[in-house]
Amino acid sequence: MDSRWWFVVKRFPVLSEVLHLLFPMVLTMTLELSISVVDTIMLGHYSALHLAAVGLASSLWLPVGCFLIGVTFGITPLVTRHLHGRQPKLVNLYMSQAVGLSVGLGVLASLVAITILPYFAGLMATEEETRQVSVTYLYIFAPALPMLALMTAYKNLFEAAGRPGFPLFVASFGLVLNILFNYVLIFGNFGFPEMGAKGAALASALSLYLAVALFFVYDRFLNKTPLFTRLVWRYTRKFSILLNVGAPAGFAFAFEVGLFSSMTWLISSFGDLALGGGQIVMSYTSFLFTPMMAMSAVTAIVVAKAMSKEGVDGVRKRIRVIVWLGLSYVSSCFVITQLFHEQIPYIYSNNAQVVALAASILLISSCYQFPDMLQTVFTGALRGFRDTRSTMIAFAVSLFGLSIPFGFWLSHYSPWAETLSLRGFYIGLGAGLTLLAVILILRFRVILARYEGRRIASPREVA
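Here's what I pulled together on the structure shown here. This structure is a prediction, so every number in the text was calculated from the model and none was measured. (Residues numbered from 1 in each chain as written. Predicted model: local features only at pLDDT ≥ 70, side-chain atom pairs only at ≥ 80, totals over all residues. Heavy atoms only, no water.)

1. Side note on the packing of helix H8 (residues 145–160) against helix H10 (residues 197–222)
It is at 9 Å that the axes of H8 and H10 come closest, and there the two elements cross at 40°. Relative to H10, the element H8 lies oblique. Taken as a pair, H8 and H10 cross one another with a handedness that is left-handed. Mapping the contact onto sequence places Met147, Leu148, Leu150, Met151, Tyr154, Lys155 and Phe158 in H8 and Leu208, Tyr209, Ala211, Val212, Phe215, Phe216, Tyr218 and Asp219 in H10. Residues that form the contact of H8 with H10 fall into these classes: 13 nonpolar, no polar and 2 charged. (Axes fitted to C-alpha atoms, helices over the stretch in contact; angles between N-to-C directions. Helix = DSSP H or I, 4+ residues; strand = E, 2+ residues; numbered from the N terminus. Parallel < 35°, antiparallel > 145°, perpendicular 65-115°, else oblique. Left-handed = near helix turned anticlockwise from the far one by under 90°. Contact = heavy atoms within 4.5 Å. Nonpolar A, V, L, I, M, F, W, Y, C, P; charged D, E, K, R; others polar.)

Next comes the structure, spelled out in structure tokens:
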């Protein structure tokens with residue numbers, strides 16, 4: 001086995017470079033997302049209304065949370081270029097900015113989740129119990145939003161430095177704790193009160209706080225070559241460089257997740273069981289999307305590294321490898337989903353109506369994974385060039401300019417509206433993702449032509 005791996009390394013160095021980062025990052029993100037999957041599975045077997053309530057609450061806070069996550073994406077290209085440009089001390093400046101951004105924006109997001117989002121939950125829920133559970137979930141989970149941003153900042157730091165092992169450990173440990181917390185708090189085991197969705201919110205919040213504590217303790221006291229060695233207080237308030245790169249990425253990420261959330265809001269008019277079916281589809285497709293998110297992060301890292309060392313030719317080699325890996329992955333997902341679309345929803349719920357609805361939507365969602373993979377990879381490639389504004393605009397135009405209007409028309413006004421029902425929204429989503437992939441690929445070609453014959457090597461360009 002060792003001799004075979006050595007042959008791959010020598011024969012395909014670009015492939016080995018990508019896989020060295022990709023495997024642990026896929027595992028890390030899969031384990032992180034598994035927390036949400038565990039919540040969905042346990043709540044689906046606890047109560048269909050509690051499942052719908054968490055789906056509604058998640059659709060409201062996820063765009064806010066994903067903006068916080070996206071803002072920290074700016075760390076990846078900046079840290080990568082500094083480390084490979086032999087300026088590691090500047091990493092402290094960007095991590096100090098990340099701390100300031102995470103705490104400041106996180107507190108603001110928590111206030112929004114407590115004061116504004118419950119109002120929308122009340123408008124969209126058709127059952128009083130669903131409304132009450134959604135609001136309570138938001139109240140309990142909201143204080144953990146700053147920790148969500150801080151955890152992502154630490155994870156991006158370690159991965160950009162080529163050390164994905166510890167984030168993998170944190171994700172594994174967090175998943176184990178979350179399963180234990182959920183089992184105890186949702187169902188009321190070991191003498192604890194039976195809390196349902198409130199227990200799931202508390203379990204997720206506790207897991208985030210513990211993850212940040214693990215990162216801090218390890219890097220500060222146990223890591224032999226620490227990455228974040230000193231908090232520079234004045235840069236916790238001066239975060240313009242990180243914000244310029246991260247804010248558009250945050251908006252783009254929030255737009256994508258916001259689209260799924262908007263669909264949840266739109267299908268809420270079809271009833272709470274439809275919300276439950278939509279939550280199953282969102283949980284399953286998000287789980288499949290996790291390796292593609294890892295591909296996006298890896299793409300940003302290897303593009304930034306290649307531009308600082310090899311130039312455009314090195315970028316092209318790595319993009320080809322990542323796209324072929326992505327095509328292989330989504331082809332496998334397509335086949336599995338098409339073959340087992342009727343069985344998969346039973347993992348999440350035993351309600352026959354919810355399962356039947358989710359099964360029909362899975363047939364559609366498996367088809368748009370191909371353009372979804374392409375847009376994810378090229379989003380990461382553009383982020384490696386620190387070109388995040390064009391990505392933000394492309395997301396807004398394709399997803400909100402095409403997906404929602406087209407999906408709404410298909411579900412309500414098209415000749416097939418009665419047959420398609422809420423499935424029309426998912427067809428619209430596929431159309432928007434296809435347009436998005438085309439726009440981002442064209443933009444990437446423009447950026448490559450602009451940097452032809454150049455490398456990002458000087459300290460000024462790196463910074």
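2. Re empty space enclosed by the protein
Evaluation of the coordinates by the stated rule reveals 3 cavities of 30 Å³ or more. In this structure, the second largest cavity occupies an estimated 240 Å³ of space. The wall of the second largest cavity is formed by 25 residues, among which Phe73, Met293, Ser296, Thr379 and Arg383 lie closest to the centre. Taken together, the elements giving at least two residues each to the lining of the second largest cavity come down to helix H2 (13–46), H8, helix H11 (240–267), helix H12 (272–309), helix H15 (369–384) and helix H16 (389–412). Looking at side-chain class alone, the lining of the second largest cavity contains 13 nonpolar, 8 polar and 4 charged residues. (1 Å grid on protein atoms, 1.4 Å probe; cavity = no way out; pocket = protein on both sides within 12 Å on 5 of 7 lines; lining within 4 Å. Points joined across faces, edges and corners; volume = space filled by probe spheres on them.)

3. Examining the nonpolar core
In terms of nonpolar packing, the biggest core is built from 133 residues, with Met95, Phe141, Val315, Phe385, Tyr426 and Phe444 touching the most fellow members. No other element matches the 17 residues that H12 contributes to this core. Residues in contact with Val315, not counting those within four places in the same chain, are Val303, Ala306, Met307, Phe385, Phe444 and Leu448. Residues Leu177, Phe181, Val184 and Leu185 belong to the second largest nonpolar core, which totals 5 residues. (Core = buried A, V, L, I, M, F, W, Y, C linked by side-chain atoms within 4.5 Å. Buried < 20%, exposed > 50% of the residue type's maximum accessible area, 1.4 Å probe, protein only.)

4. Quick notes on H16
For H16, built from 24 residues, the straight-helix expectation of 34 Å at 1.5 Å per residue is met to within 8% by its first-to-last C-alpha distance of 33 Å. Every buried residue belonging to H16 is among Ser390, Thr391, Ala394, Phe395, Ser398, Leu399, Ser403, Ile404, Gly407, Leu410 and Ser411, and all of these are buried. (Expected span 1.5 Å × (residues − 1).)

5. Observations regarding the layout of surface pockets
The calculated volume of the largest pocket comes to roughly 310 Å³. Forming the boundary of the largest pocket are 13 residues, of which Pro63, Val64, Phe67, Val112 and Ala254 lie nearest the centre. Secondary-structure elements contributing two or more residues to the lining of the largest pocket are helix H3 (48–71), helix H5 (91–115) and H11. A per-element tally of the lining of the largest pocket places H3 first, with 5 residues. Looking at side-chain class alone, the lining of the largest pocket contains 13 nonpolar, no polar and no charged residues.

6. Some remarks on a nonpolar patch on the surface
Taken together, the side chains of Phe406, Trp409, Tyr413, Trp416 and Ile427 define a hydrophobic patch exposed on the protein surface, amounting to about 530 Å² of accessible area. Relative to the helices and strands, Trp409 resides in helix H16. (Patch = residues over 30% accessible without salt bridge, like charges linked within 9 Å, V, L, I, M, F, W, Y side chains within 5 Å. Areas by Shrake-Rupley, 256 points an atom, 1.4 Å probe, with all protein chains shown as cover. Salt bridge = Lys/Arg side-chain N within 4 Å of Asp/Glu carboxyl O.)

7. A look at the environment of Val14
Inspection of the secondary structure assignment puts Val14 in helix H2. Judged by relative accessible area, Val14 falls into the buried class, the value being 15%. Counting along the chain gives 288 residues from Val14 to Val302, while the straight-line C-alpha distance between them is 9.5 Å. Look past the residues within four positions of Val14 in its chain and what remains in contact with it is Lys317, Arg318 and Val321.

8. Observations concerning unusual backbone geometry
A positive phi angle is found at Phe190, which is not glycine, with a value near 55°. For Phe190, the location among the structural elements is in the loop between helix H9 (165–187) and H10.

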